[in-house]
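# Structural description and commentary
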Amino acid sequence: MKPVRVLVVLNSICLYGMERTVLEVFDLVRPEIEPHFLIPRANQRYDRLLLGAIQERGFAYSFHSDDKDWPLLGAIALRRQPGLFMEALTRANLDVLRAARQADAIYLPNISAAYIAAAARVGARRPTLFHFHDISNEPSMKYRLVDRVTDAYVHHTRTSYEIAARANPVIQAKVNHVAAVYNEYRAYAPDAAVDHQLRQGRNIVFAGQIARHKGADLLLQAFGQLHSRFPDARLHILGTAAPEFENELEQWRNTSSAAGATHLWGYREDVYRFLEAAFVYVHPTPPSRFLESLGRGIVEAMACGVPAVCFASGAMAETVVAEGTSADATGIVCLEETPGAIAQALERLFSDDGTLRRRLSLHSRRRYDAEYCSAQVKQQWIDIFRGLTA
């Protein structure tokens, strides 16, 4: 059977969770699905990881013709220099239109990609799939615009679909799919300095953006409370700090008695090195601040049999089977959005004789094998693209 050629419109220069998910999904579905990435030319000028990751995986790719950064700047550019912005937006649409003529389908991972694919949807008449990487629980005109250039939607979880569709009923009128994302396990060469730190105590791991909407402040406060009772606890945070959170992070470093047991590693590709040494994984996003569409770090932890502690933010209440609700529980879901709730959940694991953690760990790995294994995820995505182009 001929492979399905998919134009991936990735309007980004960074390599965060969304971009990693896109690359890993399309790497998984080859050779049945043949992707071509269209990315901003700014990837050539800035020292970013996205272009290198695309090249490392051997994906076909091309650049937008515009040598400026206007498509990346969104509302800021529109307000400051609307003429140049609209020129860049028009050129980007024409670039997508030309590239789409060589494809069987178009894949859009976010709103900005949808804006620059409008001409292709009309001119090239290629079926288009929009992927919800984030959840919005509020009505928004932007989804009415996205709906005009979209034939089908795909969501990470049933919960993320229900939240999005309830807030924006226009989504319900199209075909909606639910497909898990693939979290690629990679082994890494020994790193003496890192491995030494990971042998110093019981490790708590969080991987993600260090930002208030992700609950980083709650995690730090919770760890401060826990560390006073369990001095062998170590907190490892993998990710970069949002600019608006840097001052709070610096204050933590200077004032907290637990700062010496807190390790800020920055962006790391070797996430699984830390997860394999983790005692527990914490995903502290509170639902009042942000709704997670999946909780990628939790799935990666499940692959290593590591139990999770989290709030019921968006789809995380589906991703994590809460302890106390099922014999197959994979973690502890905190009901109160407080540092104390996180600290209390961690204390249960740290003070237990090991029975609770072993049980959660066993079911975490079993759930990963049942819901997120590569063979199952690959078939889900192949069926979606073949159905889209049938």
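Refer to the structure presented above.
About the thresholds
- Residues numbered from 1 in each chain as written.
- Predicted model: local features only at pLDDT ≥ 70, side-chain atom pairs only at ≥ 80, totals over all residues.
- Heavy atoms only, no water.
- Pairing = 2+ DSSP bridges.
- Helix = DSSP H or I, 4+ residues; strand = E, 2+ residues; numbered from the N terminus.
- Axes fitted to C-alpha atoms, helices over the stretch in contact; angles between N-to-C directions.
- Contact = heavy atoms within 4.5 Å.
- Buried < 20%, exposed > 50% of the residue type's maximum accessible area, 1.4 Å probe, protein only.
- Phe/Tyr/Trp six-rings, centres within 6.5 Å; stacked < 30°, edge-to-face > 60°.
- Lys NZ or Arg CZ within 6 Å of the ring centre and 35° of its normal.
- Parallel < 35°, antiparallel > 145°, perpendicular 65-115°, else oblique.
- Nonpolar A, V, L, I, M, F, W, Y, C, P; charged D, E, K, R; others polar.
- Salt bridge = Lys/Arg side-chain N within 4 Å of Asp/Glu carboxyl O.
- Core = buried A, V, L, I, M, F, W, Y, C linked by side-chain atoms within 4.5 Å.

### Quick look at the sheet that holds strand 3 (residues 60-63)
Pairing in this open sheet of 7 strands is parallel, and the strands run 3-2-1-4-5-6-7 from one edge to the other. Taken across any chain shown, the strands that pair with only one partner, and hence form the sheet edges, are strand 3 and strand 7 (175-178). Averaged over neighbouring strand pairs, the angle between their axes works out to 25° when direction is ignored. Strand direction decides the pairing type here: strand 4 (residues 105-108) and strand 5 (residues 128-132), joined by 3 bridges, are parallel. Looking across to strand 5, one finds that Ile106 is bridged to Thr128. Across the sheet, helix 5 (residues 82-100) is in contact with strand 1 (4-9), strand 2 (33-39) and strand 4; its angle to strand 1 comes to roughly 170°.

### Let's talk about the sheet that holds strand 9 (residues 233-238)
An order of 10-9-8-11-12-13 is seen for the 6 strands of this open sheet, with the pairing classed as parallel. On the outer flanks of this sheet lie strand 10 (262-266) and strand 13 (331-334), each paired with one strand and no other. Sheet twist, expressed as the average angle between the axes of neighbouring strands with direction ignored, equals 20°. One ladder, built from 3 bridges, connects strand 8 (residues 202-207) with strand 11 (residues 278-283); its direction is parallel. Counterpart to Asn203 in the pairing with strand 11 is Ala278. The sheet strands contacting helix 11 (residues 216-227) are strand 8, strand 9, strand 10, strand 11 and strand 12 (308-311), and the helix crosses strand 9 at an angle near 165°. Across the sheet, helix 16 (residues 339-351) is in contact with strand 8, strand 9, strand 11, strand 12 and strand 13; its angle to strand 11 comes to roughly 160°.

### A look at the side chain of Asp147
With respect to the secondary-structure elements, Asp147 resides in helix 8 (residues 141-148). The exposure class assigned to Asp147 is buried, which follows from its relative accessible area of 14%. Leaving out residues up to four positions away in the same chain, Asp147 has contacts with Tyr153, Val170 and Lys174.

### Concerning the packing of aromatic side chains
Here the distance between the centres and the angle between the planes together describe a pair of aromatic rings. Under the counting rule described, the total for this entry stands at 14 aromatic pairs. Among the aromatic residues, those joined into a ring-pair cluster are Phe26, Phe37, Phe59, Tyr107, Trp381 and Phe385. One residue, Arg202, lies across the ring of Phe279, its end atom 5.4 Å from the ring centre. Positioned above the aromatic ring of Phe279, the side-chain terminus of Arg357 is 4.7 Å from the ring centre.

### A word on the packing of helix 14 (residues 296-303) against helix 17 (residues 355-371)
In a pair of packed helices, the angle between the axes and the distance between the axes together describe the arrangement. Two elements in contact, helix 14 and helix 17, have axes separated by 7 Å at closest approach and are oriented at 105°. The orientation of helix 14 relative to helix 17 falls into the category roughly perpendicular. Contacts from Val299, Met302 and Ala303 in helix 14 reach Ser364, Arg365, Arg367 and Tyr368 in helix 17. Of the residues contributing to the contact of helix 14 with helix 17, the split by class is 4 nonpolar, 1 polar and 2 charged.

### Notes on the pattern of salt bridges
Under the definition given, this model contains 22 salt bridges. Put simply, Asp27 and Arg57 hold a salt bridge, and the shortest N to O gap is 2.7 Å. In this pair, Asp27 sits in helix 1 (residues 17-29) while Arg57 sits in the loop between helix 3 (50-56) and strand 3, placing the two residues 30 residues apart along the sequence. On the basis of relative accessible area, Arg57 is assigned to the buried category, the value being 17%. In this structure, the salt-bridge partner of Asp232 is Arg202, at a minimum N-O distance of 2.8 Å. In this pair, Asp232 is assigned in the loop between helix 11 and strand 9 and Arg202 in strand 8, connecting sequence segments 30 residues apart. In this structure Asp232 comes out as partly exposed when scored by relative accessible area, which is 29%. Three or more residues joined by partner-sharing salt bridges are found here, namely Arg20, Glu24, Arg296 and Glu300.

### Remarks on the nonpolar core
Within the largest apolar cluster, 99 residues are counted, with the highest numbers of intra-cluster contacts made by Phe26, Phe37, Val309, Trp381 and Phe385. With residues near it in sequence (within four places) discarded, Phe26 still touches Val6, Val8, Ile33, Pro35, Phe37, Phe59, Tyr107 and Phe385.

### Details of the environment of Cys373
Considering the arrangement of structural elements, one finds Cys373 in the loop between helix 17 and helix 18 (374-389). The exposure class of Cys373 is partly exposed, given its relative accessible area of 23%. Remark: the alpha-carbon pair of Cys373 and Met302, spanning 71 residues in sequence, is separated by 11 Å.

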